[in-house]
Amino acid sequence: MATNSSLFEFDPGFENGRLRLAWYAFIGALLVGGGYAMWLRITQGMASTNLTSIVPWGAWVAFYIYFVGLSAGAFLVSTMANVFEMEGMHRIDRDALFAAIISMAVALLFVWVDLGRMDRMYFPFVWRQLTSALSWEVHAYVAYIAILVTELYFSMRIDLARLADRLDGFRGSLYKLLALGRLDTSEASQAFDQRWLKRAGILGIPLAIFMVHGGTGVLFAVSKARPYWNSGLFPVIFIISALLSGTALVMVLYVLRTRLFDGNSVDRDLLDRLAQLLIGFIVIDAALTAIEALIAFASLHPHEVETWQVVLFGEMSWSFWWFMVGFSWVFPLVLLTKRSWRRSPWVMVPAGLSVVIGIIAVRFNIVVPAQILPVMEGLPHGSYFPSLVEWGTSIGIVAVGLLLYTLGAETLPLTPLSGGDHE
Amino acid sequence: MSSTDDGETLPGVPNVGTDDLDAMVDQEQVDPRDELADVDADTDLGIAMAEDAKRVSRGELSGEDYWSKYDEAANTEFGEAYRKTPNPSVQSGDQTIDADVAEDLSCTVGSMESVAVELAEAESATDDTSSDKTWGMVIDLQKCVGCDSCTVACKAENRTPPGVSYNVVMEEEHGEFPNVTRTNVPRPCMQCENPPCVQVCPVSATYKLDNGVVNIDYDRCIGCRYCIIACPYGARYFDFGENYDDEVEEAGEVTSPEYGVDRGKREDGKSPVGNVRKCSFCTHRLERGEEPACVETCVGDARNMGDLDDSDSEVSKMADSSRAFQLKESEGTDPNVYYLK
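Here the structure is a predicted model, which means the values were calculated and not measured.

The rules behind each value
Residues numbered from 1 in each chain as written. Chains lettered and ligands numbered in written order. Predicted model: local features only at pLDDT ≥ 70, side-chain atom pairs only at ≥ 80, totals over all residues. Heavy atoms only, no water. Helix = DSSP H or I, 4+ residues; strand = E, 2+ residues; numbered from the N terminus. Contact = heavy atoms within 4.5 Å. Areas by Shrake-Rupley, 256 points an atom, 1.4 Å probe, with all protein chains shown as cover. Lys, Arg positive; Asp, Glu negative; His and termini not counted. Charge placed at Lys NZ, Arg CZ, Asp CG, Glu CD. Buried < 20%, exposed > 50% of the residue type's maximum accessible area, 1.4 Å probe, protein only. Core = buried A, V, L, I, M, F, W, Y, C linked by side-chain atoms within 4.5 Å. pLDDT = per-residue confidence, 0-100. Axes fitted to C-alpha atoms, helices over the stretch in contact; angles between N-to-C directions. Parallel < 35°, antiparallel > 145°, perpendicular 65-115°, else oblique. Left-handed = near helix turned anticlockwise from the far one by under 90°. Nonpolar A, V, L, I, M, F, W, Y, C, P; charged D, E, K, R; others polar. Domains from an automatic or database assignment. Buried area = accessible area lost by both parts, 1.4 Å probe. Salt bridge = Lys/Arg side-chain N within 4 Å of Asp/Glu carboxyl O. Polar contact = N/O pair within 3.5 Å; in protein donor to acceptor, adjacent residues only side chain to side chain. Phe/Tyr/Trp six-rings, centres within 6.5 Å; stacked < 30°, edge-to-face > 60°. Lys NZ or Arg CZ within 6 Å of the ring centre and 35° of its normal. Pairing = 2+ DSSP bridges. Patch = residues over 30% accessible without salt bridge, like charges linked within 9 Å, V, L, I, M, F, W, Y side chains within 5 Å.

### A few points about the overall build of chain A
Okay, so step 1: A count of helical and extended segments in chain A gives 13 helices and zero strands.
Okay, so step 2: Along chain A, from the amino end to the carboxyl end, the secondary structure elements read α-α-α-α-α-α-α-α-α-α-α-α-α.
Okay, so step 3: Seen through its C-alpha atoms, chain A measures out along the principal axes to roughly 75 × 50 × 45 Å.
Okay, so step 4: Restricting the contact set of chain A to residue pairs at least 6 apart, pairs at least 24 apart contribute 78%.
Okay, so step 5: Approximately 17,300 Å² of chain A is accessible, and the part contributed by carbon and sulfur atoms is 69%.
Okay, so step 6: Across chain A, 28 positive and 31 negative side-chain charges occur, with their mean positions spaced 2 Å apart.

Shown next, in the form of structure tokens:
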């Protein structure tokens, strides 16, 4: 995949051929397993899950809000570069946007597999309900994906044009197509792109914060039948934990892609900047969660107090203490304390991965505990752990995301050809 | 078993001669002439028609011949009453009469169901407030004995699959031994005036009807289960597609026309499988002028059904009484199911 250009070094694939093979084999194995689980899901219907009428929402919903959060967080990190013009952040602009798009695709796949009638997935665009948060959300997701794609286009267009100019054959035509035929590489065209990139970003910020992820939080918070969710702080925590997971994801992707794909050394200042952001988000996330718990306990509202007791001391409390507190707060915070560690890629990757995994538990601890206690005394208690089919399909859907991301990272100029910042 | 067995007797069943039983029937039978003497219509015609009707049921006479024979006489005898009453023989499946004969009959030809519908229509035409009805249920907790027969009747009526039970009886025990009390609270769908389930449905598949019932359109429901999450009463259930085929042969053969729609045989991938379900106040029964199955079956007469908008109705009087309360009144849902303390 050598380029015939003397001006640009463009070789976006894996540096190491064996690693590439191993990675695709790994994704392939996950896809085969996930595909089988999906076949079981479709043939056996919802009976293949461990869901019940008492706990109607489970792993798929948890993963859905997780990936919406990941997307919103990654997008907001991208706006630090293209809207707020934070120094040295342009390097990760496209990485963040592309990850945000893939995350949304994965999130929507989770929504789809969760529907009792998967064949009716388009119904929310045919019939609506103004008072339904979910009805608004599906429209917000579509608008948000449109914004993300627009942004990635304006961010990447000039490099696509440069590549279309310098490469022949299929790849050249592909880049020409992706640039939508706008092959002008002049400064004026770049300025145009950046102006529209910023405009789309400005539109996207409130959309991502208030509609896409705040809105997903509202979806839960409006449910007064579940006092654990029914709080004003809830959507805010949603947004903060989204920022936390999104920043961590972008950090991990940046290091891995720079090292494994570009073969470059990591910009340590940039890494430190991301790491410091991560510290801030961890502190805010932990503090707001503590406030939320405090309000619940102080209310003495039996349903809220008991739900928190389920979270803290119940059967599944390990997911709270080990994954939520341990993986998403304490462990990364320890790794982030030392300046030299923050500047070391191989310390920051485990720190970031730890957060990315820990936030999954945050999402499970949002969805499941509120359904354990019965809504009325005298009704049965709920109990839920995902079935093998639920785990299998979830892994398969995540593998689809990994595959899409890898294919994109191997073909698209996600690293600006000009190196770091926009010139 | 015994040596005197004549081949007809079953083990353990006393051998009563069937002739004796037939004699008992004859003894109980009233004299037709005496019976018909009390009515205005022609006694001889009545007896002749009855005798021939027996022959029809024995298969000695066809339905066509029967009606050809008596049509004119019946028309002369009963006049307008005969002409206006539909003759159900044409549509009654096993006793169908030939279309040509039906054509010749001087009376209207139709099913008994059409008679019932016409009667109901005539009634509603005279009573113009019936369309403004708000169906409500009042459950007297002092009368409820906790027998769960409402739950069973509901299952039998609505043919709900395993895991779906539109009605449950919540049992609450209070106090410490020996001073304990137990309250049974039957819980159908509350048919709230402000239903949280309707509020959250992204496709408007569930909505409030004018008669107070919260409806579900199974053809529109996508199965996202948001309404189950939103319901403060746990009254909604997801249909996972399970059935009672292992317990009861051909359990899926009989279905219930929920919300007034007959969907035929239950099949995988066909609604309501994959949809959310709940109590409909037995809409299909209300439409026929019957009470919901749970109300009809209640052994203690604890359940009452009626029009909450009609201030003279029993339910609205009970709902106004000082004993009346609703579940989770603080939620602001304003259920149309009331309880009496």
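### Let's talk about the side chain of Ser103(A)
Residue and element names in this part refer to chain A.
Okay, so step 1: Mapped onto the secondary structure, Ser103 falls in helix 3 (residues 93-114).
Okay, so step 2: Relative accessible area serves as the criterion here: at 5%, Ser103 is assigned to the buried category.
Okay, so step 3: Not counting residues within four places of it along the chain, the set of residues in contact with Ser103 comprises Phe67, Leu70, Ser71 and Leu249.

### Considering the nonpolar core
It is characteristic of soluble globular proteins that their nonpolar side chains tend to be buried jointly.
Okay, so step 1: The biggest cluster of nonpolar side chains holds 138 residues, and the ones touching the most others in it are Tyr64(A), Tyr144(A) and Phe220(A).
Okay, so step 2: Tallying contributions element by element places helix 2 (residues 59-82) of chain A first for this core, with 18 residues.
Okay, so step 3: In contact with Phe220(A), other than residues within four places in its own chain, are Trp57(A), Val61(A), Ile65(A), Trp229(A), Phe234(A), Phe238(A), Ile366(A), Val367(A) and Tyr226(B).
Okay, so step 4: Counting 35 residues, the second largest nonpolar core, distinct from the first, contains Met137(B), Met190(B), Tyr218(B) and Cys231(B).

### Brief notes about the confidence of the model for chain A
Okay, so step 1: Residue-level pLDDT values for chain A average 90, and 97% of them are 70 or greater.
Okay, so step 2: Between residues 1-7 of chain A, whose pLDDT stays under 50, and residues either more than four places distant or in other chains, the model counts 13 contacts.

### Considerations on the packing of helix 2 of chain A against helix 6 (residues 187-221) of chain A
Residues and elements named next belong to chain A.
Okay, so step 1: Look at helix 2 against helix 6: their axes get within 10 Å of each other, and the N-to-C directions meet at 155°. Taken together, the axes of helix 2 and helix 6 are roughly antiparallel relative to one another. Handedness of the helix 2/helix 6 crossing: left-handed. Of the residues in helix 6, those touching helix 2 at Val61, Tyr64, Ile65, Val68, Gly69, Ala72, Phe75, Leu76, Thr79 and Asn82 are Leu197, Lys198, Gly201, Gly204, Ile205, Ala208, Ile209, Val212, His213, Thr216, Leu219 and Phe220.
Okay, so step 2: The residue inventory of the contact of helix 2 with helix 6, partitioned by class, reads 14 nonpolar, seven polar and one charged.

### A word on the domain arrangement of chain A
All names here are of chain A.
Okay, so step 1: As far as domains go, chain A holds domain 1 (16-221 + 388-418) and domain 2 (223-252 + 264-369).
Okay, so step 2: Using only C-alpha atoms to locate each centre, domain 1 and domain 2 end up separated by 22 Å.
Okay, so step 3: A buried area of about 2,600 Å², summed over both sides, lies between domain 1 and domain 2, and 79% of it is on carbon and sulfur atoms.
Okay, so step 4: Together, Tyr66, Phe220 and Ala221 form the three largest contributors to the area buried by domain 1 at its contact with domain 2, with a combined 24%.
Okay, so step 5: Our enumeration of links across domain 1 and domain 2 arrives at zero salt bridges.
Okay, so step 6: Inspection of the domain 1/domain 2 interface yields six residue pairs in polar contact (both at pLDDT 80 or more).
Okay, so step 7: For the side of domain 1 that touches domain 2, the elements supplying multiple residues, two or more each, are helix 2, helix 3 and helix 6.
Okay, so step 8: Counting residues per element, the side of domain 1 that touches domain 2 draws most heavily on helix 2, which supplies 13 residues.

### Some details on the packing of aromatic side chains
Okay, so step 1: Counting across every chain of the model gives 32 aromatic pairs over all chains.
Okay, so step 2: With a centroid separation of 5.1 Å and an interplanar angle of 55°, the aromatic rings of Tyr66(B) and Tyr70(B) are classed as tilted. Here Tyr66(B) pairs with Tyr70(B), and both are found in helix 4 (residues 63-78), just four residues apart, close to one helical turn.
Okay, so step 3: We classify Tyr66(B) as buried; its relative accessible area is 9%.
Okay, so step 4: With relative accessibility at 6%, the residue Tyr70(B) sits in the buried group.
Okay, so step 5: Members of the aromatic cluster, each reached through a chain of ring pairs, are Phe63(A), Tyr66(A), Phe67(A), Phe110(A), Phe364(A), Phe385(A) and Trp391(A).
Okay, so step 6: The ring of Phe238(A) is capped by Arg363(A), whose NZ or CZ atom sits 5.2 Å from the centre of that ring.
Okay, so step 7: The ring of Phe238(B) has Arg225(B) lying over it, and the distance from NZ or CZ to the ring centre is 5.3 Å.

### A look at the pairing of strand 1 (residues 135-140) of chain B
Looking down a regular strand, the side chains alternate between one sheet face and the other.
Residues and elements named next belong to chain B.
Okay, so step 1: Strand 1 sits mainly inside the fold: six of its six residues count as buried.
Okay, so step 2: By the alternation rule, side chains of strand 1 split into Trp135, Met137 and Ile139 and Gly136, Val138 and Asp140, which are all buried.
Okay, so step 3: In the sheet, strand 1 pairs with strand 8 (residues 303-307) via five bridges, with the strands oriented antiparallel. By the bridge assignment, Gly136 is partnered in strand 8 with Gly306.

### Observations concerning the interface of chain A and chain B
Okay, so step 1: Listed as interface residues are 37 residues of chain A and, on the opposing side, 44 residues of chain B.
Okay, so step 2: Our count for the contact surface shared by chain A and chain B stands at one salt bridge.
Okay, so step 3: Here Arg225(B) makes a salt bridge to Asp114(A), at a shortest N to O gap of 2.6 Å.
Okay, so step 4: Where chain A touches chain B, the interface holds 23 residue pairs in polar contact (both at pLDDT 80 or more).
Okay, so step 5: Mapped onto the side of chain A that touches chain B, the elements with two or more residues apiece are helix 4 (133-166) and helix 6 of chain A.
Okay, so step 6: Its residues assigned to classes, the side of chain A that touches chain B comprises 19 nonpolar, 11 polar and seven charged.

### Re the sheet that holds strand 8 of chain B
Okay, so step 1: Spatially, four strands are ordered 8-1-10-9 (chain B) in an open sheet, and the strand pairing comes out mixed. Strands at the two margins of the open sheet, each flanked by one partner only, are strand 8 and strand 9 (324-325) of chain B.

### Regarding a negative patch on the surface
Residues and elements named next belong to chain B.
Okay, so step 1: A surface patch of like charges, here negative, comprises Asp245, Asp246, Glu247, Glu249, Glu250 and Glu253.
Okay, so step 2: Along the polypeptide, Glu249 turns up in the loop between strand 6 (237-238) and strand 7 (276-277).
Okay, so step 3: The exposure class assigned to Glu249 is exposed, which follows from its relative accessible area of 75%.

### A few points about the environment of Asp44(B)
All names here are of chain B.
Okay, so step 1: By the secondary structure assignment, Asp44 is in helix 3 (residues 43-58).
Okay, so step 2: Residue Asp44 is classed as partly exposed on the basis of its relative accessible area, which comes to 48%.
Okay, so step 3: Taking the C-alpha atoms as reference points, Asp44 and Tyr70, 26 residues apart in sequence, are found 12 Å from one another.

### Digging into the side chain of Thr49(A)
Okay, so step 1: Relative to the helices and strands, Thr49(A) resides in the loop between helix 1 (17-44) and helix 2.
Okay, so step 2: Look at Thr49(A) and you get buried, because its relative accessible area is 7%.
Okay, so step 3: Within the structure, the side chain of Thr49(A) is placed 3.2 Å from the backbone nitrogen of Leu51(A), a separation counted as a polar contact.
Okay, so step 4: Setting aside chain neighbours within four positions, we find Thr49(A) in contact with Trp60(A), Ser387(A), Glu390(A) and Phe240(B).

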